[in-house]
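# Descriptive analysis of the structure
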Amino acid sequence: MDNLGFLFAANAFVWGGIIYYVYTIKQRNRALEKDLELLKETLSKEGR
Amino acid sequence: MMSSDEVAENAEESNILVWLTGLVFLATMIAIFIYVPTERTEGVVQRIMYFHIPCAWLSFFAFFVVFICSILFLWKKDREWDIYAHASAEIGVIFCSLVLITGPIWARPIWGAWWVWDARLTSTLILWIIYVSYLMLRAQSDPGSMRARYAAVLGIVGFLDIPLIHFSVLWWRAFHPQPKVITSEGIGKGMETGMLATLGISLCAFTLLYFLLMGVRVRQENLKDEIDRLKRETLYSS
């Protein structure tokens, strides 16, 4: 079939874009979890 | 802050939305690659339309949410509206980028060129630049009400480009095809039933994805605000 490569490329870009965005959200979540842990540690050290 | 019951309820709702979005995307892929008939003149490459139009719909919808939430923020001065606008702008930019990528991939075998400075293509590129600037403005300036106010103004002004994008192919001579979904004869009159059904499922899948991503991003921003508030409190009390 003609132009199948173009269809594949468009499909790959769309899924790649969605997966990349979800990955960045996960990374930000991880950073927030770290922040939260640090905050909990600080508060428990201060005895609050 | 949310109670543990509210957190559990939210997590359950998110799980349902994840499964529903996954199932509708599966149906979309089956419809695009198995069910829908191949278009006679463009051939198999025309199937890009089932990604291209939903990405465009999602980005326009996301920018519409930015527009509404920005107006509400300027009116009510409530941080929650600013969070919604920010999250929606981010999603809009991602999908507008995908429109600008899938469009040229579709155009190359049909028009023989990756890009032409046609009214619709150029106005879509301008829209993308406006909302990338919106995100850059938010990233580069200090958090606070001034940043939110400037961003809200840009979010409102940027949306005015969308009607221009829609009507550009009707007002000026353009390479880009005329609207096939919303036509002067009615919605979906310019398409064959199988194609319209496939496009409909794909539009549903991308809309569900928008709500899923919005939910996650809004919760994330709220948590970030809460952590920042606790950090400030800890700093001042020590």
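That block above? That's the structure.
The structure reproduced in this document is the subject of the present report.

So, how was this worked out
- Residues numbered from 1 in each chain as written.
- Chains lettered and ligands numbered in written order.
- Predicted model: local features only at pLDDT ≥ 70, side-chain atom pairs only at ≥ 80, totals over all residues.
- Helix = DSSP H or I, 4+ residues; strand = E, 2+ residues; numbered from the N terminus.
- Buried ≥ 20, exposed ≤ 12 C-beta atoms within 10 Å, placed from the backbone.
- Contact = placed C-beta atoms within 7 Å.
- Nonpolar A, V, L, I, M, F, W, Y, C, P; charged D, E, K, R; others polar.
- Core = buried A, V, L, I, M, F, W, Y, C linked by C-beta atoms within 7 Å.
- Axes fitted to C-alpha atoms, helices over the stretch in contact; angles between N-to-C directions.
- Parallel < 35°, antiparallel > 145°, perpendicular 65-115°, else oblique.
- Left-handed = near helix turned anticlockwise from the far one by under 90°.
- Expected span 1.5 Å × (residues − 1).

### A short note on the overall build of chain B
The number of helices and strands found in chain B is seven helices and two strands. Counting from the amino terminus, helix and strand elements in chain B follow one another as α-α-α-α-α-α-β-β-α. Projecting the C-alpha coordinates of chain B onto the three principal axes gives extents of approximately 70 × 40 × 30 Å. Classification of the 238 residues of chain B by burial places 32% in the buried group. Counted over contacts in chain B with a minimum sequence separation of 6, partners at least 24 positions apart contribute 77%.

### Side note on the overall build of chain A
Looking only at helices and strands, one finds one helix and zero strands in chain A. Dimensions of chain A along its principal axes, counting C-alpha atoms only, are 70 × 5 × 5 Å. For chain A, with 48 residues in total, the buried portion stands at 8%.

### Comments concerning the environment of Trp114(B)
All names here are of chain B. Within the secondary structure, Trp114 is located in the loop between α3 (79-111) and α4 (119-140). By the C-beta count within 10 Å, which is 10 here, Trp114 ends up exposed. As a C-alpha pair, Trp114 and Ile101 span 13 residues in sequence and 9.7 Å in three-dimensional space. Ignoring anything within four residues of it in the chain, the contact list for Trp114 reads Pro104, Ala107 and Arg108.

### Focus on the interface of chain A and chain B
Of the residues lining the interface, 23 residues belong to chain A; the matching set on chain B comes to 26 residues. Here the residues of the side of chain A that touches chain B sort into 14 nonpolar, five polar and four charged.

### So, the nonpolar core
Ile48(B), Cys55(B) and Val66(B) are the most contacted members of the largest nonpolar core, which has 55 residues in total. Contributing elements (two or more residues each) for this core: α1 (4-45) of chain A together with α1 (4-35), α2 (49-76), α3, α4, α5 (145-159) and α7 (193-237) of chain B. With 15 residues, the top contributor of residues to this core is α3(B). Aside from chain neighbours lying at most four places away, what touches Ile48(B) is Phe6(A), Leu7(A), Ala10(A), Thr102(B), Ile105(B) and Trp106(B).

### Considering unusual backbone geometry
Trans peptide bonds make up the majority, and among non-glycine residues the majority have a negative phi. Residues and elements named next belong to chain B. The phi torsion at Lys77 lies on the positive side, around 55°, for a residue other than glycine. Secondary-structure assignment places Lys77 in the loop between α2 and α3. Lys77 sits in the exposed class, given 12 other C-beta atoms within 10 Å.

### Some thoughts on the packing of α2(B) against α3(B)
Residue and element names in this part refer to chain B. Interhelical geometry of α2 versus α3 gives an angle of 155° and a closest axis separation of 7 Å. In terms of orientation, α2 lies roughly antiparallel with respect to α3. Crossing handedness for the pair α2 and α3: left-handed. Of the residues that constitute the contact of α2 with α3, the class distribution is 21 nonpolar, seven polar and two charged.

### Observations regarding α2(B)
An ideal rise of 1.5 Å per residue puts 40 Å on 28 residues; α2(B) measures up with 40 Å between its terminal C-alpha atoms. Once α2(B) ends, the next one or two residues include Lys77(B), with phi positive near 55°.

### Considerations on the environment of Ile83(B)
For Ile83(B), the location among the structural elements is in helix α3. Each residue touching Ile83(B), except ones within four places of it in the same chain, is listed here: Val218(B), Glu221(B) and Asn222(B).

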